[in-house]
Each structure stands twice: as structure tokens, then as C-alpha cells.
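Fold and geometry: a report
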Amino acid sequence: MSSIDSSHQPKVKSFARSTLINVVGQVLAQGSFFLAQREVLGMSLYENGVYYFFLQTVLFVMVLGADFGVSSALQRVMIESKERIDEVFRTFFFARIALLFLIAIGLFSVFYSLYPSTVDVAIIIFFACALSAKTPFIRYTLEFKRRVHSDFALINLLQVVDGILFFVLLRFVAEQPLHSRSVAWCYLGSSIPSFLVILFTQGLWKSLWGSVSLDVLRNIAKECRFLFSTQIFYQIYDKIDTFFLQTFATPIDVGVLGAVYRTGSPFSTILFSIGQAVLPQVVHRFGQEDKTNAIDFMSKVVRYYLILSISIAVFFTSIMTFVVDLFTKGNYNAYTMEFFYFIWTYIPSSLILLMLEINVALDRAKSNMILPITMAIVTVLCGVMLIPMYGVLGAIISKGIAFVVTCVLVVSMLWKIDASILRVSTIVALILVICMMFTVNFFLFTSQLPIFVKPFIAFGCFISLLFIFRLTSMGEIQQLLRTILHSKKANSY
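Quick notes on the rules
Residues numbered from 1 in each chain as written. Predicted model: local features only at pLDDT ≥ 70, side-chain atom pairs only at ≥ 80, totals over all residues. Heavy atoms only, no water. Helix = DSSP H or I, 4+ residues; strand = E, 2+ residues; numbered from the N terminus. Buried < 20%, exposed > 50% of the residue type's maximum accessible area, 1.4 Å probe, protein only. Polar contact = N/O pair within 3.5 Å; in protein donor to acceptor, adjacent residues only side chain to side chain. Contact = heavy atoms within 4.5 Å.

Of note, the amide linkage connecting Gln-176 to Pro-177 takes the cis form, showing an omega dihedral of -5°. Locating Pro-177 in the fold gives a position in the loop between helix 8 (153–173) and helix 9 (180–200). Here Lys-329, not a glycine, exhibits a phi torsion of approximately 55°, which is positive. In this structure, Lys-329 sits in the loop between helix 16 (320–328) and helix 17 (336–361). Classification of Lys-329 as partly exposed rests on a relative accessible area of 37%. One non-glycine residue, Arg-470, lies in the positive phi region at around 55°. Turning to its location among the elements, Arg-470 is positioned in the loop between helix 22 (454–468) and helix 23 (474–485).

On to the side chain of Asn-48, then. Mapped onto the fold, Asn-48 is located in helix 2 (residues 45–67). Its relative accessible area of 0% is what places Asn-48 among the buried residues. In this structure the side chain of Asn-48 is engaged in a polar contact, spanning 2.8 Å, whose partner is the side chain of Tyr-332. Residues within four places of Asn-48 in sequence aside, it is in contact with Val-40, Leu-41, Met-43, Gly-255, Ala-259, Arg-262 and Tyr-332.

Position of Phe-244 among the secondary structure elements: in helix 12 (residues 227–248). Along the primary structure Phe-244 and Ala-395 are separated by 151 residues, whereas in three dimensions their C-alpha atoms are 8.6 Å apart. Residues within four places of Phe-244 in sequence aside, it is in contact with Ala-249, Val-380, Gly-383, Val-384 and Ile-387.

Below is the structure:
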């Protein structure tokens, strides 16, 4: 092994360890939230539609008014301003509190005029979103100092606690049968304890004492000058199908879409956690290492990120009928096909998500604008045509088309960084594997085979295709396993 490779082993091991902790933590967190979401989806289809509509609307306004893409930029500012990290943290925290206060006044006024009988649901959801770890607001801001150091242990543990507490409140405390108000109260109640733990551990609350800096605000604003426009279009693409269904269909259809999205949330959360772990590593490697090693690192990250996204889709869709029945208490069994199609859209969306993180890490945030713009335009155009005719299925197809079109732009961005990050041969191989596995899993989905047999058949085919198309090798797998298993040694360097 060369001296260069030896010098980078601790960094690779540290990255593998932090990523593994984050992924395992997210898996456990999603397991706990599964119990809670199963209770939520046990509501009537109408009540679930009401709850999901308010949740999406509140998030839409809060993200555009108080986050607007700044979360990723703030990580970069904090990494590059270690000597002023408390000042940066404190300034951004109070800036975000001020923005949320202004948003709350306007949002509650609008909701009171439009939905007077259910305005309290929106108010409760607003505070729950502000304190929850699943949204990029107050709680997430408090976690920044840990995230920039890839310290995910306590963060993930508390997310598990959140999910368990949410389940306990829904199952044993909330009024039965569940409705939108009771679920909103439980969401808020489950978020408060972990918020307080984060605030008062490691003397974090002490960091909030002191003055704020206008220079820091200007620096963050400079980093966000392109991210704000990016978030506008990202939120349009992400929420427009909900508003279309509310307009062209019924709250029941909105509830079905919400059930589909939330059932797929473990998939997206695991992938998002990897993207968040990658961001600081990309910054460090391109800032401190030679380009060859940094490009090689990114190439492996992109390839295995996509392999992981395909593997999760293969697993979920091979047992889709079981998953839908389990997650939704059988309430949405009539919509199993919509669930099946939607899970596959996460493969192209995962590549888009990773590209957004990479561009921010490499100070290419301006390039990110084109991605959500494309997704928003395609989603709106396809949604207008397909949602009135096909309802929820039309919304899912619109999303899928938007993701595929946007992925073409993602590939071109990767090639501009370096063509070896994602070679043409690798792209062709990945597309063939996805198409073949979709066909195999569709056959399994419609077959009468025992449910426990289906994932073994699916994964047997998937692993065989990975080796046939040379997307991985035994040597790489062994190296990856050695890195993960011995990652604790990184602490001794």
C-alpha cells in the first residue's frame, strides 16, 4: 500500500464510522417512527388528508421564510469559521427565531380567515415542526455544532426517543379514534423532551449568551444568495402535487398521497443521512487533499450511494403488499400499486439529493438552481395534465418524470467536476440494473409466491446483476467491510 493510501486510511475509517453510526441511527429512528406512523395512518382517510394538507402547507411556508436552503450553507460557514463557531451558531439561531416569529403571525392570520374551524391544528403543527428533529428549524439548528463534526450518536438516539414517545402518546394518551387535532398534539408533545436535552447538553445553552454579528449574517446571506431561489422551486416541486390534489380531487386523495410519502420516508431519511455525512467529508477532501484522491472518493460515494438506493427499492417493493398492510393497518391496501411505483422514484431523487449536497460542499451552490427549477417546471406541467385524470397515480408519475429529466442535468454536473466520477459505462449498467430489477419485482408483486420468498429472489437477482455489470467486486466489498469493522481505530490517530 502506498504512503498516500496509508495517510488517508484514518480519514476513510472516520468517515465510514460516522456514516455507519448515522445510517444505523436513522434505521433505528425510522423503526420507532414506523410504530407512530402506523397509528397515524390508522386515522380515517379524510382526517389523514386534513392533517397532511396542513403539515405540507406549514412546512412550505416555514421553509421558504425561515430556512430557504440555508441549512446546508450554514454547515459550510461553520466548518470554515471554526474559531468563531459559537458566534456563527448564536447569530443564526436568533435570526431563525425572529423569522419564525414573523412567519407565525402571518400564517395564523391566513389560516384563521380560510380555515377558522381547524386553525388550531395548523398552530399546533407549526410549533411541532419548529421543535422537531425531522424539520430544518429550531431543533435542527441546535444540532449544527454536532453535525459539522459528524457527531451523530446523541442526535440519532434522541430521534429514536422521539419516535417511541410519539407512538406512546398516540396509542395510550390521545383521544380515540385518532383525528388531526390529537395527532398534532402528540407530534408536539413528542418533540419537546429531546429538544430540551439537545439544548442543555454540552453547555449548548451557554453558547446562546452573547452578541450576534452582522458580519456573520452577511456571510450567511452571501452563501444563500442562490440557495433561496433554489428552495423556492424545490418547495414548489415537493408540495405542488398536494395542492393540485386538494384542488382537483378530495382530502381523501391528499391523505393517500401523504400515506404513500410517509411509508417511503424511511427510504429517503436513510439516504438523506448519508448525504449529510458526506457533505463535511467532501469539503475536507477537496480543501486538504490532492484532486485525484478527492475525485476517487466522490466516485465511490456516488456509485455506492446509488447501489444502496436501488437495494432499498428492491427490498421494499419485493414485499410491498406486506409493507402497505403493516404500515397503514390495511387502510390503504387498495392503493398498493401507487406505493410500489413511488418507491422506485427515490432512486433518481437520491442522486439529485446527493448532487445538491456536493454542489454546496464545493462552493457551486449557483449550479443547484437549475435542478429544482427543472423539477418544479416538469412536475407542474405533468401534474396539470396527469393529476386531474389519474389522481394520486398521476402525481406519482409526474414526480418520476421530473426526477428522470433532472438526473440528466445531474450527470452533466458530475462530468463538469470530473468525467471519471460517473462514467458512461457505469450509467448504462445502473440503468439496465434498475430496469431489470423493476421487471423482476413487478413480477414478484403480482405473483402468488409466499411473501418471505420474494425478497430472497429479488436480492439474489440484484446481487448477481451487480457482479455481471461490474458495479462492484469482491475486492471492493472486502475493503469496505474491513474499513467499517476497523473504523474505531481511526480514533487512535
